[in-house]
Amino acid sequence: MPQPDEPIYCSQQINIPPELPDILKQFTKAAIRTQPADVLQWSYAYFDALAKGEKPPIKDRLEFQLGEPLEKPLTQGQLAVLHKQLGDRPLIELSSLEEKWKHLCLPKTTLEDLLRLGCFAEEIQWLHFLSLACSAISENLTLAMKTVCEILTKDLEGGAARIPFSLFKELYTYLANIDGEIPKEHVNTVIDHLNYDVEKQDGMVSPRNFMSDSCPPLSPNT
């Protein structure tokens, strides 16, 4: 029997905050969509972000490949999450990237490879890092720029995935320079060709433009 001075707990004594069921429901949905490799680590990052009023590490949707969840070390959905968390400023601190990367349970070696390839230091141009990461998960430069457009666009899902042509030129030129085997003349030829479409699209470009049969390939080796 319990001692007289010990509290007696019953269902009537337990106060459940009214918002708890919805919090747990949203948490469960987020975990299912994101499929973190380390649920405990990701859960800490999720609730820590909510407590700080920051954007939590949540994918917009569950990613699939041929009907099965993706098991890649880095995906477009994860890069989109990082962009939502870090993309509100042009320069980010390496420590911030490392923190968000860890929260998504992404391999440290993958981050180290990208930092080394892009020669990034303590301060990182976010869009350059993002585009380089897109190239790391894509089969070729054209698909990398398609991924860039899909992450950066303000169009609704399933739309044209347009981005400003000035931004496309910056990131395409950057990736071409990183590649090291794409002549500057070829890059200029692609840009000149796309200018015609862009003039009719209010300065915007979409994957439909640079993936058209009439457009020179973004990489001559594609």
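Above this note sits the structure.
Quick look at the structure, then. A quick note: this is a predicted structure, and the numbers were derived from the prediction, not measured.

This paragraph deals with the packing of helix α6 (residues 126–136) against helix α7 (residues 141–152). The N-to-C vectors of α6 and α7 enclose an angle of 130 degrees; their axes lie 8 Å apart at closest approach. With respect to their mutual orientation, α6 and α7 come out oblique. In this structure, α6 meets α7 at a crossing whose hand is right-handed. Here Leu 127, Leu 130, Ser 131, Cys 134 and Ser 135 of α6 come into contact with α7, specifically with Ala 144, Thr 147, Val 148, Ile 151 and Leu 152. Of the residues belonging to the contact of α6 with α7, the class tally is seven nonpolar, three polar and no charged.

Let us look at a nonpolar patch on the surface. On the surface, a nonpolar cluster with roughly 600 Å² of combined accessible area is contributed by Ile 14, Ile 16, Leu 20, Ile 23, Leu 24, Phe 47 and Leu 50. For the nonpolar patch, the elements supplying multiple residues, two or more each, are α1 (20–34) and α2 (39–52). Tallying contributions element by element places α1 first for the nonpolar patch, with three residues. Position of Leu 50 relative to the elements: it lies in helix α2.

What follows deals with the side chain of His 128. Note that His 128 resides in helix α6. The class of His 128 is buried, set by a relative accessible area of 12%. A distance of 3.0 Å separates polar atoms of two side chains, one belonging to His 128 and the other to Glu 170.

This paragraph deals with the packing of helix α3 (residues 76–86) against α6. Each pair of packed helices can be summarised by the angle the axes make with each other and by the distance between the axes. Contact geometry of α3 with α6 gives a least axis separation of 11 Å together with a crossing angle of 175 degrees. Between α3 and α6, the angle is such that the two are roughly antiparallel. Where α3 approaches α6, its residues Leu 79, Leu 82, His 83 and Leu 86 are matched on the opposing element by Trp 126, Leu 127, Leu 130, Ala 133 and Cys 134.

As a further point, take the nonpolar core. In this structure, Leu 97, Trp 101, Phe 129, Met 145, Phe 168, Tyr 172 and Phe 210 are the most contacted members of the largest nonpolar core, which totals 49 residues. Counting only elements with at least two residues in this core, the list comes to α3, α4 (94–103), α5 (108–117), α6, α7, α8 (165–179) and α9 (184–199). With eight residues, the single largest contributor to this core is α8. Counting the residues that make up this core, at least three belong to each of domain 1 (18–37 + 73–137) and domain 2 (139–221).

Conventions and cut-offs
- Residues numbered from 1 in each chain as written.
- Predicted model: local features only at pLDDT ≥ 70, side-chain atom pairs only at ≥ 80, totals over all residues.
- Heavy atoms only, no water.
- Axes fitted to C-alpha atoms, helices over the stretch in contact; angles between N-to-C directions.
- Helix = DSSP H or I, 4+ residues; strand = E, 2+ residues; numbered from the N terminus.
- Parallel < 35°, antiparallel > 145°, perpendicular 65-115°, else oblique.
- Left-handed = near helix turned anticlockwise from the far one by under 90°.
- Contact = heavy atoms within 4.5 Å.
- Nonpolar A, V, L, I, M, F, W, Y, C, P; charged D, E, K, R; others polar.
- Patch = residues over 30% accessible without salt bridge, like charges linked within 9 Å, V, L, I, M, F, W, Y side chains within 5 Å.
- Areas by Shrake-Rupley, 256 points an atom, 1.4 Å probe, with all protein chains shown as cover.
- Salt bridge = Lys/Arg side-chain N within 4 Å of Asp/Glu carboxyl O.
- Buried < 20%, exposed > 50% of the residue type's maximum accessible area, 1.4 Å probe, protein only.
- Polar contact = N/O pair within 3.5 Å; in protein donor to acceptor, adjacent residues only side chain to side chain.
- Core = buried A, V, L, I, M, F, W, Y, C linked by side-chain atoms within 4.5 Å.
- Domains from an automatic or database assignment.

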